[in-house]
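Reading the structure
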Amino acid sequence: MKITGFNPLILTPNQETVVQTFEALGFTQSHSLKTEVGGFDLNVARMKSDGGFHVDVADVQAVPQDMTLIRMNVDNFDEAYAILKEQGFVNLAGEDNTASTASAKAATLASPTGFQISLIEHIK
């Protein structure tokens, strides 16, 4: 299993404000993803700095305040998922539940100490 991407992912009910903050810090929006996952619309702004750093800002109205996760893209979802489970991570959507689109498979897992990883494999 290879990690192909690793960066912060901010879930926020105030996407425009957060995007503006990162623009003020020198980030630009490289692209956005608008899709539907599990019956709800997902809108994620992918931002990049001149130094090559990334941050993703997701419009999530269901969170009462901003939340920060680690986005981890991998080339083998099942292998990475098994490794995280062995380390005590718990799938927040329930045992082995994943969100799938035509282009990705994903799950959010929480560590025993509380930090969360959004695990994603892009389907080629």
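Please read these numbers as outputs of a predicted model, since none were measured by experiment. (Residues numbered from 1 in each chain as written. Predicted model: local features only at pLDDT ≥ 70, side-chain atom pairs only at ≥ 80, totals over all residues. Heavy atoms only, no water.)

Comments concerning the overall build of the protein
A tally of regular secondary structure across the protein gives 2 helices and 9 strands. Mapped in sequence order, the helices and strands of the protein form the string β-α-β-β-β-β-α-β-β-β-β. The principal-axis extents of the C-alpha atoms in the protein amount to approximately 40 × 30 × 30 Å. For the protein, the proportion of its 124 residues judged to be buried stands at 38%. A total of about 7300 Å² of accessible surface is found on the protein, and carbon and sulfur atoms cover 53% of it. Here the protein carries 8 positive and 15 negative side-chain charges, and the mean point of each set is 6 Å from the other. (Helix = DSSP H or I, 4+ residues; strand = E, 2+ residues; numbered from the N terminus. Buried < 20%, exposed > 50% of the residue type's maximum accessible area, 1.4 Å probe, protein only. Areas by Shrake-Rupley, 256 points an atom, 1.4 Å probe, with all protein chains shown as cover. Lys, Arg positive; Asp, Glu negative; His and termini not counted. Charge placed at Lys NZ, Arg CZ, Asp CG, Glu CD.)

Remarks on the environment of G94
In this fold, G94 is placed in the loop between strand 6 (90-91) and strand 7 (99-100). Assessed through its relative accessible area of 25%, G94 is described here as partly exposed. Separated by 26 residues in the primary sequence, G94 and I120 have C-alpha atoms spaced 16 Å apart.

Examining the side chain of N73
Note on placement: N73 falls in strand 5 (residues 67-74). Classification of N73 as buried rests on a relative accessible area of 8%. Reaching out from N73, the side chain makes a polar contact with the side chain of H122 at a distance of 3.3 Å. Leaving out residues up to four positions away in the same chain, N73 has contacts with K2, I3, T4, G5, I120 and H122. (Polar contact = N/O pair within 3.5 Å; in protein donor to acceptor, adjacent residues only side chain to side chain. Contact = heavy atoms within 4.5 Å.)

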